[in-house]
Structures are given as structure tokens and as C-alpha cells.
Amino acid sequence: QVQLVESGGGLVQAGDSLTISCAASGGPFSVYTLGWFRQGPGKEREFVAAIRWSSLSTYYADSVKGRFTIARDNAETTMYLQMNTLKPEDTAVYYCAAGRPPALTMTSARFYRDWGQGTQVTVSS
């Protein structure tokens with residue numbers, strides 16, 4: 001049973017940095033892709049970034065490319081999303097998810113089976 005638990009959200013100002021984490025258990029995750037999605041107020045859930053657990057290949061949404069970095073630790077238990085130069089439009093509940101999309105570029109949430117409960121990130125202007 002895969003379990004994903006996000007942490008590290010909070011209230012920051014525009015231009016600040018914040019790193020959120022996803023503790024993953026119930027693996028092994030060697031055949032999985034783990035991703036971050038977000039859902040802002042009044043918006044649909046959208047893809048943010050993904051990482052192939054074994055190869056460490058990554059893929060980002062255009063809206064965060066160059067500002068956000070997805071990574072996992074060497075113990076293969078935690079995934080991170082480092083967010084730099086945050087903008088008010090980054091305000092959302094951020095969810096981590098595990099699944100097996102055929103390609104990293106296939107970013108639909110339907111390819112991800114297991115989800116965490118989410119962590120709130122609020123960016124004030």
C-alpha cells in the first residue's frame with residue numbers, strides 16, 4: 001500500500017523560496033513516477049513536475065520551468081519540490097502522487113493512482 005504524506009507548506013511573500021516534501025512508503029518505487037500537482041482556488045488540478053524514481057529524469061510544466069526543482073533523496077524515501085521566485089499565482093494546495101505514466105510528458109492526473117492529502121502554499125503579493 002503506497003502512502004504519500006506532504007509537508008512543508010506555508011505562507012510566504014512573492015519572490016521567496018520554499019521547499020515542500022513528500023514522504024513515500026509502501027514501495028519499492030523503482031518502476032514508479034512521482035509527481036507534484038497543484039490546485040489553486042477556483043481552478044482545476046494541474047500538473048507541476050514529475051520525476052522517474054529510478055532514472056531521476058524530470059519534467060516540468062512551462063509555468064514553473066526554471067523556478068521549481070523536483071528531486072528525491074538517496075534513501076529513496078522522500079521527494080522534494082524546491083520552489084524559487086514564488087508568485088501569487090503559485091498559491092495552491094500541492095499534492096504529491098505516484099503512478100506509472102507511459103512517458104514523463106504524459107501529465108494527466110489519471111496516470112497517477114496514489115495521492116497524498118496535500119499541503120497549502122500561499123504566496124502573498
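For the structure, check the block above.
Attention in this report is confined to the structure presented alongside it. (Residues numbered from 1 in each chain as written. Predicted model: local features only at pLDDT ≥ 70, side-chain atom pairs only at ≥ 80, totals over all residues. Heavy atoms only, no water.)

## A few points about the state of the cysteines
Under the criterion given, the structure shown has one disulfide. Between the sulfur atoms of Cys22 and its disulfide mate Cys96 the distance is 2.0 Å. Disulfide Cys22 to Cys96: torsion about the S-S bond roughly 40 degrees, handedness right-handed. Here the residue Cys22 occupies a position in strand β3 (residues 18–25), and Cys96 occupies one in strand β9 (residues 92–99), the gap between them amounting to 74 residues. Pair check on accessibility: Cys22 and Cys96 agree, each one buried. (Disulfide = S-S within 2.5 Å. Helix = DSSP H or I, 4+ residues; strand = E, 2+ residues; numbered from the N terminus. Buried < 20%, exposed > 50% of the residue type's maximum accessible area, 1.4 Å probe, protein only.)

## Details of the sheet that holds strand β7 (residues 68–72)
Pairing is antiparallel across the open sheet formed by four strands, whose spatial order is β1-β3-β8-β7. Across the chains shown, the open sheet's two edge strands, defined by having one partner strand only, are β1 (3–7) and β7. Along the sheet, successive strands turn relative to each other by an average axial angle of 15 degrees, direction set aside. Two strands pair when backbone bridges link them, and β7 and strand β8 (residues 78–83) are joined in this way by five bridges, in the antiparallel orientation. Counterpart to Ala71 in the pairing with β8 is Tyr80. (Pairing = 2+ DSSP bridges. Axes fitted to C-alpha atoms, helices over the stretch in contact; angles between N-to-C directions.)

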